[in-house]
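# Working through the structure, step by step
Residue strings, one per chain:
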Amino acid sequence: EDGIRDIGVTGVQTCALPISGGKDVWTENPRYTWRFMPPEMGRTPQPLAVPVEREPGSIRVVILGESAAMGDPEPAVGYPRALEALLQARFPGRRVEVINAAITAINSHVIRDMARDLTALRADAWVVYMGNNEVTGPFGPGTVFGNSTPPGALLRLGLALRRTRLGHATAMLAARLGRDSRERRSWGGLEMFLDRQVLATDPRLASVRTAFEDNLREIVAAGRSAGARVIVSTVAVNLRDSAPFASSNDPVLGADAMKSWKAAYDEGVAAEGRGDGRAARMAYDRALGVDGDHAELMYRRSRLAMGVGDTNAAPGFARARDLDTLRFRADSDLNGIIRKVAAGREADGVWLVDAERTFAQNAPGGIPGDELFWEHVHFRLPGSYLLALLTGTALLEALPTSLREGAQADWIKIDEVSRRLAVTSWGDHRIVEGVRSRCRKPPFSMQANAAEREARLQKEQAGLAKGLMPTAFNPQADAFRKRIAETPGDWVLHDQFGRLHESFGDVAGATNEWRKVIELVPHHFGARLQLGRMLATRDETAAQAEAWLREADRMRPGTAEVHAALGLALARQKRHPDANAAFAMATRLRPDLLEAHVQWGVALAGEGRDADAIERFGKALAISSNSALSHLHLARIARKQGDTNAARMRYAEVLRLSPGYREAREFMGLP
């Protein structure tokens, strides 16, 4: 982009954007994580457009952390947005900027490096919420991103060299030459870590804790050196409704002891399955007497204790978390380090927020579960609101007196936060659908309570389906229109409004919103991709779609989603060889990319290659049996072939998954 001043291979850049009146703003660097993980798996920060010159009297807060801090599974209604809504209401008429600098899959090694760049933002406060990825993130003993933790000094030297252009280019070339093409896989979620289990007794965890404490202290020092107050939070996780992902017996257990343990454990599982809690507890207690360090056994026994009203069940759930050998949740030791580093330092400009304890105090039986979390660590809106209240309260205390002037007396309630974020049944349904899809894959599908969670989410999604009905569009659109009228410069609302239009088949409405996003944030990659996707669905706009997608590809080369949409745009222009090449590229980059297979199937059907299209839709359904578009296009092929019964079956699946889909309702004779 013209006007960008790239400051090395760092976390932020500057460029001039219309939203700032042509003045420089800080923007994200989408390639930043390439220094820590292969580009194919590199995670990207949320789009940023932060004025370099701050508005007088404004409040600027930076959020540092991983996916939970970022707001996964939907940052538009996640923790940073909830905090921003609280602060905007508490300080009416004042500009409030909550900068979401958190990134999925990173850890304290990366955040420590980022902190050097973030000092340039001249924020009033930093909020640090990290700890879930210390073992599995870059340089951790359970990582998939390269080598595990090297000695601290060597790691720091390597990262310092990578901050130079030559050092970064050399490291990238070495990484590419050192990896077989079969190893160049894209990000595949937590399933990628199945063979990276780390026992609680693994001596490498001592180095993890030492490095975490060192990194946290350096992050705090960086924030303070930049004049920011630093809010450090312990990490809350789902203990009650997220069973351990993997477990291991004591490696020194003898054969006879192992046989005895397994017999007792299997007896307990069988008794629990038939509803005999007393027999299950007795069997589990015998197993615990043989080996008390098995994570799932500890979880099952604790859950039975909770079921009979045992008020001492909470420590068992925490112990099960600490024993989990797929270490995707911050454990007791890491939270202890956070308290050690941050407690009692208000005079130094450092505040401790104990989210772990506060979440427990606000959960049934003192054991946080699905009322606050979607799965293991990511917040539902009540969890985001609770963490926002905690950090907001600390911020109010930490801010200078001059910035606290004019503050309202109370925090707004969660219902008002929901209104300000334009939370709708449609949006919640979309989130639940995504979480269900995530949880159907390992390691989530391997958890002891996977079937129970699926049943809960299925019921929840069914209850939200009313938000997908045709009559539900206008009330939900009005919620966006009202909020956009209050905050017209909020590109996130326009982006979400575009997705609402898209879900209801309104191509014109969707493209208008994404054009507005690009007007507000001209470097926004995702809006270009969305525009290309939408315009590629019609012959008359396919050439426009190609232009937007080519631009998106220049911004982020090698993005599978771009090639999938480009394939559809080319197919609409009857450029079938080019289209098939684009689809092939998309599926090579990401073999499990559902939309690539669906769109390829659509293109093949458009060529009249029905058999190839059916095969491609079959591959899509193998990835997700809940692909409404796959069922829809298979229904269309069935109708074309005169197979009414097959068409009816497919349309029924479409309506089960998307009740408001007009074509399916008309075929089935529904209003």
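Residues numbered from 1 in each chain as written. Predicted model: local features only at pLDDT ≥ 70, side-chain atom pairs only at ≥ 80, totals over all residues. Heavy atoms only, no water.

### A short note on the overall build of the protein
Worth spelling out the cut-off: Numbering of helices and strands starts at the N terminus; helices are DSSP runs of H or I of at least 4 residues and strands are runs of E of at least 2. The size measure is the radius of gyration over C-alpha atoms, and the globule rule it meets is 2.2 Å times the number of residues to the 0.38 power. What makes two residues a contact is simply this: any of their non-hydrogen atoms within 4.5 Å. Here the Shrake-Rupley method, with its probe set to 1.4 Å, supplies the accessible areas, and only the displayed protein chains count as covering residues. Counted as positive: Lys and Arg. Counted as negative: Asp and Glu. His and the chain ends are not counted at all. Every charge is mapped to an atom, namely NZ of Lys, CZ of Arg, CG of Asp or CD of Glu.
Within the protein, the regular secondary structure consists of 29 helices and nine strands. Relative to a compact globule of 671 residues, whose C-alpha radius of gyration would be 26 Å, the protein shows 26 Å and is just as compact. Seen through its C-alpha atoms, the protein measures out along the principal axes to roughly 65 × 65 × 55 Å. Taking the intrachain contacts of the protein between residues at least 6 apart in sequence as the baseline, contacts between residues at least 24 apart amount to 67%. When the accessible surface of the protein is summed, it comes to about 27500 Å², and 52% of that surface belongs to carbon and sulfur atoms. Taking the 89 positively charged and 83 negatively charged side chains of the protein as two groups, their mean positions are separated by 1 Å.

### Concerning the packing of helix H21 (residues 525-535) against helix H22 (residues 542-555)
Definition in use: An axis is simply a line fitted to the C-alpha atoms; with a helix, the fit covers only the stretch in contact. Between two such axes, the angle follows the N-to-C directions and lies from 0 to 180 degrees. An angle counts as roughly parallel when it lies under 35 degrees, as roughly antiparallel when it exceeds 145, as roughly perpendicular when it falls between 65 and 115, and as oblique in every other case. Crossings are classed by handedness, with left-handed meaning an anticlockwise turn of the near helix from the far one by less than a right angle and right-handed meaning a clockwise turn. All amino acids are sorted into three groups, where Ala, Val, Leu, Ile, Met, Phe, Trp, Tyr, Cys and Pro are nonpolar, Asp, Glu, Lys and Arg are charged, and the leftover types, Gly among them, are polar.
Direction vectors running N to C along H21 and H22 enclose 155 degrees, while the axes themselves pass 8 Å from each other. Taken together, the axes of H21 and H22 lie roughly antiparallel to each other. When the axes of H21 and H22 are compared, the crossing they make is left-handed. Between H21 and H22, the contacting residues are Phe525, Arg528, Leu529, Leu531, Gly532 and Leu535 on the first element and Ala542, Gln544, Ala545, Trp548, Leu549, Glu551, Ala552 and Met555 on the second. Across the contact of H21 with H22, the residue classes tally to ten nonpolar, two polar and two charged.

### Considerations on the sheet that holds strand S7 (residues 125-129)
In plain terms, the rule: Any two strands are treated as partners once DSSP identifies two or more bridges connecting them.
With parallel pairing, the five strands of this open sheet are ordered in space as S6-S5-S7-S8-S9. On the outer flanks of this sheet lie strand S6 (96-100) and strand S9 (350-353), each paired with one strand and no other. With strand direction ignored, the average angle separating the axes of adjacent strands in the sheet is 20 degrees. Both strand S5 (residues 59-65) and S7 contribute to a ladder of five bridges, which runs parallel. When the sheet's bridge partners are listed, Ile63 is paired in S7 with Val127. Sheet strands touched by helix H6 (residues 204-225): S5, S7, strand S8 (229-233) and S9. Its angle to S8, the strand with the most contacts, is close to 155 degrees.

### Quick word on the packing of helix H7 (residues 255-273) against helix H9 (residues 295-307)
Orientation of H7 relative to H9, taken along the N-to-C sense of each, is 40 degrees, at an axis distance of 12 Å. As judged from the angle between their axes, H7 and H9 are oblique. Crossing angle aside, the handedness with which H7 passes H9 is left-handed. Side by side, H7 and H9 meet where Trp261, Tyr265, Val269 and Glu272 of the first sit next to Glu296, Leu297, Arg300, Arg303 and Leu304 of the second. Class assignment of the residues belonging to the contact of H7 with H9 gives a composition of five nonpolar, no polar and four charged.

### Concerning the packing of aromatic side chains
To keep it simple, the criterion reads: Stacked, edge-to-face and tilted labels apply to pairs of Phe, Tyr and Trp rings (six-membered ring for Trp) whose centres lie within 6.5 Å, assigned for plane angles under 30 degrees, over 60, and everything in between, in that order. Buried, partly exposed and exposed residues are distinguished by accessible area as a fraction of the type maximum, computed with a 1.4 Å probe on protein chains only: under 20%, between the cut-offs, and over 50%, respectively.
A complete count under the given rule lists 15 aromatic pairs for this structure. Summarising the aromatic geometry, the rings of Tyr651 and Phe667 are spaced 4.6 Å apart at their centres and angled 35 degrees between planes, so their arrangement reads as tilted. In this pair, Tyr651 is assigned in helix H28 (residues 644-657) and Phe667 in helix H29 (residues 662-667), connecting sequence segments 16 residues apart. Overall, the relative accessible area of 0% leaves Tyr651 in the buried class. Connected via pairs of aromatic rings, a cluster forms that spans Tyr129, Phe359, Phe373 and Phe379.

### Observations regarding the side chain of Arg327
Stated precisely, the cut-off is as follows: Here a polar contact is taken to be a pair of N or O atoms separated by no more than 3.5 Å, where protein atoms must pair a possible hydrogen donor with a possible acceptor and residues adjacent in sequence count only if both atoms sit in side chains.
Inspection of the secondary structure assignment puts Arg327 in the loop between helix H10 (314-323) and helix H11 (332-342). A polar atom in the side chain of Arg327 sits 3.4 Å from the backbone oxygen of Val198. Within the structure, the side chain of Arg327 is placed 3.4 Å from the side chain of Asp331, a separation counted as a polar contact. In this structure Arg327 touches Asn132, Val135, Thr136, Val198, Leu199, Ala200, Leu205 and Asp322, once residues within four positions along its chain are discounted.

### Digging into the confidence of the model for the protein
Cut-off, in case you're wondering: Values of pLDDT, the confidence the predictor places in each residue, fall between 0 and 100.
In this model, the protein carries an average pLDDT of 90, and 90% of its residues clear a pLDDT of 70 or more. Between residues 1-14, whose pLDDT stays under 50, and residues either more than four places distant or in other chains, the model counts 49 contacts. Segment residues 177-184: pLDDT under 50, and eight contacts once partners within four positions in sequence are set aside and those in other chains are kept.

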